[in-house]
Number of protein chains: 2
Amino acid sequence: MNKINTIAFDADDTLWHTEQLFQNVQMRLYELMSAYASKREVEAHFHDMEMKNVRLFGYGVKGFTLSMIESAIEISNRTVSATDIHEIVMLGKSILDSPLDIFPGVESALQNLQPDFRLFLITKGDVLDQRNKIEKSNLEPYFEKTIVVQEKNVETYRQVFDEHGIEPTQVLMVGNSLKSDVLPVLALGGHAVHIPYHVTAHFEKIEETVDHNKFYHLDAISDFAGLLRSL
Amino acid sequence: MNKINTIAFDADDTLWHTEQLFQNVQMRLYELMSAYASKREVEAHFHDMEMKNVRLFGYGVKGFTLSMIESAIEISNRTVSATDIHEIVMLGKSILDSPLDIFPGVESALQNLQPDFRLFLITKGDVLDQRNKIEKSNLEPYFEKTIVVQEKNVETYRQVFDEHGIEPTQVLMVGNSLKSDVLPVLALGGHAVHIPYHVTAHFEKIEETVDHNKFYHLDAISDFAGLLRSL
């Protein structure tokens, strides 16, 4: 096997909590809408709305918030109050303004890896949101480069690897999403580690199970050193 | 004088119409709010809201739309109807979905310049919005690189120039904003051309007038060839 010389990390729900913040806000949306529809109905409506809007809004808190507002108006048959919509706007802002909750073991893992590997952070979403989080994290000095992309697929990884002179077979990508972090990198001949997060965004869910000789599974990033020794 | 070998263009309201779309939507906000406050009051409230939210939202259509919603709720003292808020969401989406209206003479100017200069596009704002517009424009092949930044100031221009081996004194920056396109580039020793747009976003307005031996003024990008011959 080609020796791994580059390790790339996803950020949201791989280095720090994100999805839990979104889920908490969605729970409040379900409560606000409980007069009009069941949790399951609201959830389904909102997910459809997000998928419909992603072409215009992309991924990120602002699009998420606008989709919640649009969903609330439709579900309530245009009777939702301005007060409730105001709360939804404030919930969106609270996500943007919340402190960053970095997973235990992240910084020491990066410290240990930095002398021996080229380290990259490759994250998806609204660039301002992502840049703000990277800055809050104080982890930027560990990375050769931190990169924000709009979608994570074979094409975007290929571009990133090309642009930085990275040989795909020498990459190990680490992330919580099989769809965005694991499968495209395996497709390019790279290695991938899946560290699941306890909740997965609906647009990251896939049915597939992955069985591949360059695919590894970890329960937590703090187990990373052990995995590397075993490779 | 150092010979100019690089020309960098702003995009919104320099290569294509943008601000007019925002202004049209704002006019509709003033109408919707006319039961609660005068146009002048709504305008002032909304501008304050945008400035207050820019730290969290950045520049772009989604943040603009959320600020309109928040403003409408406050101005109406929480009595605005869901139908009106729905219209505001749809107005925001209509900006994102509107066809790109490129200024006359842009493509031929780029065609003429391409053989003799390194051409860059440097634009500010929401990356997804900006990337979508660059793609719609079909102008990307004329540029060595198209770059989206969060703010245009001396620091960001310095970074962009460094990263691409551009000597600032050999750059000519072309744009509609004195604040974002002209002053920072002059400060770095570069040249700048101001091509005003008929409306200016309130956050781009400055009081200053610019008097500098590397500063030029044009009424339209179609006059660009004449300016270059005169340099």
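Please explain the relation of the copies chain B and chain A as it appears in this structure.
Each of the two chain copies can be generated from the other by rotation about an axis followed by a shift along it. The two copies are related by a screw motion: chain B maps onto chain A through a turn of 180° and a shift of 0.0 Å along the axis, at an RMSD of 0.0 Å. What the superposition gives is, in effect, a two-fold axis relating one chain to the other. Looking at chain B, 100% of its interface residues are interface residues in chain A too, so the copies touch through the same face.

I keep staring at the packing of aromatic side chains and nothing clicks. Help me out?
Aromatic rings in a pair are described by how distant their centres are and how their planes are angled relative to each other. Following the criterion strictly, the structure yields twelve aromatic pairs over all chains and no others. Arranged with centres 5.8 Å apart and planes meeting at 40°, the rings of F9(B) and F224(B) form a pair that is tilted. With F9(B) in strand β1 (residues 6-9) and F224(B) in helix α9 (residues 224-230), this pair connects stretches of sequence that are 215 residues apart. In textbook terms, an aromatic cluster arises when at least three aromatic residues are bridged by ring pairs, as seen for F9(A), F143(A) and F224(A). In this arrangement the basic side chain of K124(A) is found over the ring face of Y59(A), its NZ or CZ atom lying 4.2 Å from the centre.

Explain the confidence of the model for chain A to me, please; I cannot follow it from the model alone.
Mean pLDDT over chain A stands at 93; residues scoring 70 or higher make up 98%. For this predicted complex, the interface score ipTM comes out at 0.84, while the overall pTM is 0.85.

Hey, could you run me through the domain arrangement of chain A in this one?
All names here are of chain A. By the assigned domains, chain A splits into domain 1 (6-16 + 101-230) and domain 2 (19-97). Counting residues at the interface gives 15 residues for domain 1, matched by twelve residues for domain 2. Summed over both sides, the interface between domain 1 and domain 2 buries roughly 1,200 Å², with carbon and sulfur atoms accounting for 54% of that surface. Along the contact surface separating domain 1 from domain 2 lie one salt bridge. Remark: the boundary between domain 1 and domain 2 carries seven residue pairs in polar contact (both at pLDDT 80 or more). Looking at the side of domain 1 that touches domain 2, its residues break down into four nonpolar, five polar and six charged.

Mind showing me how you'd approach the interface of chain B and chain A here?
Interfaces are often described in size by the accessible area the parts lose on coming together. The partner chain A presents 33 residues to the 33 residues of chain B that form the contact. Taken over both partners, the interface formed by chain B and chain A buries close to 3,000 Å², and the fraction arising from carbon and sulfur atoms is 63%. The tally of links from chain B across to chain A stands at seven salt bridges. Between R55(A) and D97(B) there is a salt bridge; the shortest N-O distance is 3.3 Å.

Can you walk me through the nonpolar core in this structure?
The nonpolar side chains of soluble globular proteins are, as a tendency, buried together. Membership of the largest hydrophobic core comes to 60 residues, with the highest contact counts inside it found for I7(A), F9(A), F224(A), I7(B), F9(B) and F224(B). Setting aside chain neighbours within four positions, we find I7(B) in contact with L113(B), F117(B), R118(B), L119(B), F120(B), L172(B), V174(B), F224(B) and L228(B). Residues F57(A), V89(A), Y30(B) and I85(B) belong to the second largest nonpolar core, which totals 54 residues.

Sorry, what's going on with the pattern of salt bridges here?
Pairs can form between side chains of opposite charge whenever their charged atoms are close. Under the counting rule described, the total for this entry stands at 27 salt bridges over all chains. The salt bridge partner of D12(A) is K133(A), with a shortest N-O separation of 3.0 Å. Here K133(A) lies in helix α6 (residues 127-137) and D12(A) lies in the loop between β1 (6-9) and α1 (19-32), a separation of 121 residues in the sequence. Residue D12(A) shares its accessibility class with K133(A), and that shared class is buried. Residues joined by salt bridges that share partners form a network here, namely K62(A), D126(A), K62(B) and D126(B).

Looking at this structure, I do not really get unusual backbone geometry. What am I missing?
Negative phi values dominate among residues other than glycine, just as trans dominates among peptide bonds. Residue and element names in this part refer to chain A. Even without being glycine, D13 reaches a positive phi, approximately 70°. With respect to the element layout, D13 can be found in the loop between β1 and α1. Despite not being glycine, R78 has its phi angle at roughly 65°, a positive value. Turning to its location among the elements, R78 is positioned in the loop between α3 (61-75) and α4 (82-97). By relative accessible area, which is 41% here, R78 ends up partly exposed.

Could you clarify how one ought to interpret the environment of V185(B) in this entry?
Residues and elements named next belong to chain B. Positionally, V185 belongs in helix α8 (residues 178-187). For V185, a relative accessible area of 0% gives the class buried. Along the backbone, V185 and R158 are 27 residues apart, and their C-alpha atoms lie at a distance of 8.7 Å.

How should the side chain of E70(A) be read in this particular structure?
Along the chain, E70(A) falls in helix α3. You can call E70(A) buried: its relative accessible area is 3%. Contacts of E70(A), omitting those with residues within four sequence positions, involve M49(A), N53(A), H86(B), V89(B), M90(B) and K93(B).

Sorry if this is basic, but what is going on with the packing of α1(A) against α3(A) here?
Pairs of packed helices are described in terms of their axes, by the angle between the two and the distance that separates them. All names here are of chain A. Orientation of α1 relative to α3, taken along the N-to-C sense of each, is 15°, at an axis distance of 12 Å. The orientation of α1 relative to α3 falls into the category roughly parallel. Along this stretch, α1 crosses α3, giving a crossing that reads as right-handed. Taking contact as the criterion, the partners of F22, V25, Q26 and L29 in α1 are, on α3, V61, F64, M68 and A72. Across the contact of α1 with α3, the residue classes break down as seven nonpolar, one polar and no charged.

Parameters and conventions
Residues numbered from 1 in each chain as written. Chains lettered and ligands numbered in written order. Predicted model: local features only at pLDDT ≥ 70, side-chain atom pairs only at ≥ 80, totals over all residues. Heavy atoms only, no water. Least-squares fit on C-alpha atoms with pLDDT ≥ 70 in both. Contact = heavy atoms within 4.5 Å. Phe/Tyr/Trp six-rings, centres within 6.5 Å; stacked < 30°, edge-to-face > 60°. Helix = DSSP H or I, 4+ residues; strand = E, 2+ residues; numbered from the N terminus. Lys NZ or Arg CZ within 6 Å of the ring centre and 35° of its normal. pLDDT = per-residue confidence, 0-100. Domains from an automatic or database assignment. Buried area = accessible area lost by both parts, 1.4 Å probe. Salt bridge = Lys/Arg side-chain N within 4 Å of Asp/Glu carboxyl O. Polar contact = N/O pair within 3.5 Å; in protein donor to acceptor, adjacent residues only side chain to side chain. Nonpolar A, V, L, I, M, F, W, Y, C, P; charged D, E, K, R; others polar. Core = buried A, V, L, I, M, F, W, Y, C linked by side-chain atoms within 4.5 Å. Buried < 20%, exposed > 50% of the residue type's maximum accessible area, 1.4 Å probe, protein only. Axes fitted to C-alpha atoms, helices over the stretch in contact; angles between N-to-C directions. Parallel < 35°, antiparallel > 145°, perpendicular 65-115°, else oblique. Left-handed = near helix turned anticlockwise from the far one by under 90°.

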